[in-house]
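Single-letter residue listing:
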Amino acid sequence: MRFGMPWPGPEVAREAEEAGVSAFCASEFADHDAYVTLAEIVAGTRDALVGPAIAYAFSRTPYAHATALRQLHAKAPGRLFLGLGSAAFRINRDWLGVPPERPVARIADTVSAVRAWLHAENGEKVRHTGEFYAIDADVRAPVLGRLDIPVLLAAFNSGMARTAGRVADGVIGHGLFTRSWWNDVVRPAVGTGSGTNARPLEHGWVITAIDDTAPERAVEDARRMIAFYLTVRTYDPFVAHHGWAGPVEQLRAAFRAGDTDGMAKAVTDEMVAAIALCGTTAEARKALAARADALPRDVGYFAPPSFLVGRKRRAAYARSSLALIEALPGRAAAETAAD
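Counting from 1, residues in each chain are numbered in the order their sequence is written. It should be noted that, the model being predicted, local features are given only for residues of pLDDT at least 70 and side-chain atom pairs only at 80 or more, the latter also being counted only at that level, while totals for whole chains, interfaces and linings use all residues. Working from all heavy atoms in the structure, the side-chain values ignore hydrogens and water.

Asks: Is there a simple way to explain the overall build of the protein chain in this structure?
Replies: Helix numbering and strand numbering both begin at the N terminus, where a helix is a DSSP run of H or I of at least 4 residues and a strand a DSSP run of E of at least 2. Assigned secondary structure in the protein chain consists of 15 helices and 12 strands. Within these notes, the globule rule equals 2.2 Å times the number of residues to the 0.38 power, and the radius of gyration is based on C-alpha atoms. Here the C-alpha radius of gyration of the protein chain, 20 Å, is about what a compact globule of 339 residues would show, namely 20 Å. The principal-axis extent of the C-alpha atoms belonging to the protein chain is close to 60 × 50 × 40 Å. With a 1.4 Å probe rolled over the protein chains alone, any residue whose accessible area is under 20% of its type maximum counts as buried; one over 50% counts as exposed, and the rest are partly exposed. The 339 residues of the protein chain split such that 53% are buried. In the protein chain, the share of contacts with a sequence separation of at least 24, taken over all contacts with a separation of at least 6, comes to 70%. Using a 1.4 Å probe, the Shrake-Rupley method yields the accessible areas, and only the shown protein chains count as cover for residues. When the accessible surface of the protein chain is split by element, carbon and sulfur atoms take 52% of a total near 15,300 Å². By definition in these notes, contact holds between two residues if any of their heavy atoms fall within 4.5 Å.

Rendered as structure tokens:
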């Protein structure tokens, strides 16, 4: 598995790449754009795998996704992937002003339309006919040429995971993912969708907060991040699967009341152990060793908590997470084989 991280900025990234981080991803929210960040990542890295994880699929046309990747490919050939996420119902409806209905079918059509642009050859029309997008573009300028950039889908529940297996090259797992959710829900669903012998790619986020001087605060930040994610009802099947309905009801009540401390307190030790790597370096290493089969198989983005955590502390968490690189499951065996 590659050790990756969300883009920590150029200064930390230089240290990280030297330390062995070999993948960086760009996220998206109201204060940062996935492709603007990706351009900064491309400019600030040498050899790392880079891409959005994720870009909001419906905030741009397939054309816009593809042209951004074409321009970035010129600077980072062979290093790009595209991670697309459907975003929450309310984000699509209330933030983006796009139809929120049927996100699974819509994102499947989006992937096909993006690929139509990425696979387009010079001198040929770009064509795609789907339920949501119809493209019939005659681009006379010689600016195309096939790009085989992997497309991954943020797949939390089984329906999206099956779609990822069917139409994409793999999945991007959420920071909430546990051993059971990967093994019992997501991987079987992706396999059902793919129906082939080829193993789909697995990327995924891992909530990581390490601080040897203030481990209690690091654990609290991880709890608060978990709680913030679980305020979204999209994750109710995950909650039911683990039997965590009681704590989640408590944290949602605290969220409605604006009680962020209460949100964190509602997250149990069991939930933290199953989801996050946090505390001291030694504690995080031990947790990492215990979760060898609870991690994405190809790229793990060891991500600092972001909910109510400032930039300086996030940068400190990013630096501290580098202590986990040598402890990655299978790393020693891979290095021995390479020698």
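Next comes the rest of the description.
Asks: So what exactly am I meant to see when it comes to the side chain of arginine 106 here?
Replies: Tracing the backbone through its elements, the reader meets arginine 106 in helix H5 (residues 103-118). Counted as positive: Lys and Arg. Counted as negative: Asp and Glu, with His and the chain ends omitted from the count. Salt bridges are defined by distance alone: a side-chain nitrogen of Lys or Arg within 4 Å of a carboxyl oxygen of Asp or Glu. Buried and unpaired, arginine 106 has glutamate 101 as its nearest opposite-charge partner, separated by 5.4 Å. Once residues within four sequence positions are removed from consideration, arginine 106 is found in contact with Phe58, Pro99, Glu101, Phe132 and Tyr133.

Asks: How do you make sense of the pairing of strand S6 (residues 126-129) when you look at a structure like this?
Replies: Side chains on a regular strand alternate between the two faces of the sheet. What you see with S6 is a clean split: Val126 and His128 sit on the buried side and Arg127 and Thr129 on the side with no burial. Here the rule is simple: two strands pair whenever DSSP picks up at least two bridges between them. Bridging between S6 and strand S7 (residues 134-137) involves 4 bridges; their strand directions are antiparallel. Bridging from a neighbouring strand, threonine 129 pairs with alanine 134 of S7.

Asks: Which parts of the structure should I look at to understand the side chain of histidine 128?
Replies: Among the secondary structure elements, histidine 128 is positioned in strand S6. Its relative accessible area of 11% is what places histidine 128 among the buried residues. For this analysis, a polar contact is any N or O atom pair within 3.5 Å, provided that within protein one partner can donate a hydrogen and the other can accept it, and provided that sequence-adjacent residues contribute only side-chain to side-chain pairs. Within the local environment of histidine 128, its side chain forms a polar contact with the side chain of aspartate 109, the two groups lying 2.7 Å apart.

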